[in-house]
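# Summary of the model geometry
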Amino acid sequence: MSLRKLTLFMLGTLVISSLFFSCNDDNVLVVRSGGYKSWFTVKAEDDSFYFLHDKGKTFLPVGGIKNYAPERDHRAFVYYEVALEKDHQGYDYPVYVYHMDTILSKSLVADLGDENEKVYGKDPVRIDRMWVGGGFLTIRFSTYWGGREAYFVNLVQENEDNPFELTFRHNAYDDPKHSWGYGWVAFDLADLPAPAEGEDSVELTVKVHTYEGVLEKTFTYTAVTENAEDPDDSENEDDATGRMMLM
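Residues numbered from 1 in each chain as written. Predicted model: local features only at pLDDT ≥ 70, side-chain atom pairs only at ≥ 80, totals over all residues. Heavy atoms only, no water.

Next up on the list: the sheet that holds strand β5 (residues 48-53). Strand order in the closed barrel formed by five strands is β4-β5-β6-β8-β7, and the pairing between neighbours is mixed. In this sheet, adjacent strand axes meet at a mean angle of 55° when their direction is disregarded. Pairing of strand β4 (residues 35-45) with β5 involves six bridges; the strand directions are antiparallel. Across the sheet, residue Lys43 finds its bridge partner in β5, namely Tyr50. (Pairing = 2+ DSSP bridges. Helix = DSSP H or I, 4+ residues; strand = E, 2+ residues; numbered from the N terminus. Axes fitted to C-alpha atoms, helices over the stretch in contact; angles between N-to-C directions.)

Below you can see the structure in the form of structure tokens.
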């Protein structure tokens, strides 16, 4: 299996000083003009792209990013300002982009049966954040690392009777456990089947091998617009194959 390494910069967790979205008593999203930072899914469109917020709103970059044409959808943490004076062009909001940090974004991987543990690993992690939004499952995890090996993380469909039951697997390749570090990864859920006819959403279960045993967390997933749960902030880079070197 040919795997390409990704260096994931381990910077301190950023604290959101002001939120782009707020909710009134009717749980209606309110937009404020000014500088903000938020999680988005970067939606690739031919030679252009737009941002899909976890609450379903669309944002069109109208300045600040040049010569960027992603070939696939991926997750990113974006610093931006709402450009209310600009043409929306059919999107909810035009934005100036100050900075964008992408993270490792992957598709689901095939179930290998008895080979899952050998290939994908079973090394434990601690889940710091995990939520569904923008068509992705985004995870911040922590683990011990030694700096010698690039880690392999995947989301596997292991239950052939239930495609909405997924397992997060981590292979540390016997890297020495010298220090505690964290990483970010996002998994594209587009390959999941659509909910049953007449249903808007489905229950999605994610299993994780942690230091305390197997953790199971359940989310409500809809195929088009997902509800975000407990987003956090970070600074990262993305890769198509999915090994990462914690630093």
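Okay, a nonpolar patch on the surface next. On the surface, a nonpolar cluster with roughly 290 Å² of combined accessible area is contributed by Tyr144, Trp180 and Tyr211. The topology assignment puts Tyr144 in strand β11 (residues 136-145). In this structure Tyr144 comes out as partly exposed when scored by relative accessible area, which is 38%. (Patch = residues over 30% accessible without salt bridge, like charges linked within 9 Å, V, L, I, M, F, W, Y side chains within 5 Å. Areas by Shrake-Rupley, 256 points an atom, 1.4 Å probe, with all protein chains shown as cover. Salt bridge = Lys/Arg side-chain N within 4 Å of Asp/Glu carboxyl O. Buried < 20%, exposed > 50% of the residue type's maximum accessible area, 1.4 Å probe, protein only.)

On inspection of all chains with the given rule, the structure shows 20 aromatic pairs. Measuring from centroid to centroid gives 5.0 Å for Phe40 and Phe59, while their planes differ by 70°, and the two rings are edge-to-face. Of this pair, Phe40 sits in strand β4 while Phe59 sits in strand β6 (residues 58-63), and the two are 19 residues apart along the sequence. The exposure class assigned to Phe59 is buried, which follows from its relative accessible area of 0%. Aromatic side chains Tyr50 and Tyr91 sit 5.2 Å apart centroid to centroid with 50° between the ring planes, which places their arrangement in the tilted category. Taken as a pair, Tyr50 in strand β5 and Tyr91 in the loop between β7 (74-82) and β8 (93-102) lie far apart in primary sequence, 41 residues in all. Chaining the aromatic ring pairs together yields one cluster made of Tyr36, Phe40, Phe49, Phe51, Phe59, Tyr68, Tyr80 and Tyr93. Between Arg140 and the ring centre of Tyr182, over which it is positioned, the NZ or CZ distance is 3.9 Å. (Phe/Tyr/Trp six-rings, centres within 6.5 Å; stacked < 30°, edge-to-face > 60°. Lys NZ or Arg CZ within 6 Å of the ring centre and 35° of its normal.)

As a further point, take the sheet that holds strand β9 (residues 104-107). Taken in spatial order, the four strands line up as β9-β14-β11-β10 in an open sheet, and their pairing is mixed. Where the open sheet ends on each side, the last strands, each with one partner, are β9 and β10 (126-133). When strand polarity is set aside, the average angle formed by the axes of neighbouring strands in this sheet is 25°. Pairing analysis gives four bridges linking β9 to strand β14 (residues 179-188), with the strands arranged parallel. Residue pairing across strands places Leu104 opposite Val185, the latter belonging to β14.

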